[in-house]
Amino acid sequence: MSARIYQIQKNALQSGKALTHTWVLEYAPAEAKKPDPLTGWAGSGDMKQQIRLTFSSEEAARAYAEREGIAYSVIATAPKTLKIQAYADNFR
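Each value, and the rule that gives it
- Residues numbered from 1 in each chain as written.
- Predicted model: local features only at pLDDT ≥ 70, side-chain atom pairs only at ≥ 80, totals over all residues.
- Heavy atoms only, no water.
- Salt bridge = Lys/Arg side-chain N within 4 Å of Asp/Glu carboxyl O.
- Helix = DSSP H or I, 4+ residues; strand = E, 2+ residues; numbered from the N terminus.
- Buried < 20%, exposed > 50% of the residue type's maximum accessible area, 1.4 Å probe, protein only.

1. Observations concerning the pattern of salt bridges
A pair can form between side chains of opposite charge whenever their charged atoms are brought close.
Alright, step 1. Considering all chains together, one arrives at five salt bridges under this definition.
Alright, step 2. In this structure, Glu 26 and Arg 4 form a salt bridge, with 3.8 Å as the shortest nitrogen-oxygen distance. Taken as a pair, Glu 26 in strand β2 (residues 23-27) and Arg 4 in strand β1 (residues 2-7) lie far apart in primary sequence, 22 residues in all.
Alright, step 3. The exposure class of Glu 26 is buried, given its relative accessible area of 18%.
Alright, step 4. Residue classification places Arg 4 among the partly exposed positions, given a relative accessible area of 29%.
Alright, step 5. The closest approach of N and O atoms between Arg 62 and Glu 58, which form a salt bridge, is 2.9 Å. Of this pair, Arg 62 and Glu 58 both sit in helix α1 (residues 58-68), four residues apart, which is roughly one turn of that helix.

Right, dumping it as structure tokens:
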């Protein structure tokens, strides 16, 4: 059983940066989802997929995974680049 640790990214439709400093530990899927014959909804018997733990820092998430004996991989956060431009640049 393995897990992935990553930092929440800002949604493209949001301008605010709330909760972007939060780190998340999610378990990797243990089995593939399959459609239910009656309803057609996708599901599996893996209950660990429903668990999502949040931490204030990457170190706290790593410490939890090591303390509980969970194999983990850290997904690096992409660097944030700002394209600064003036309103007048739209008319050049």
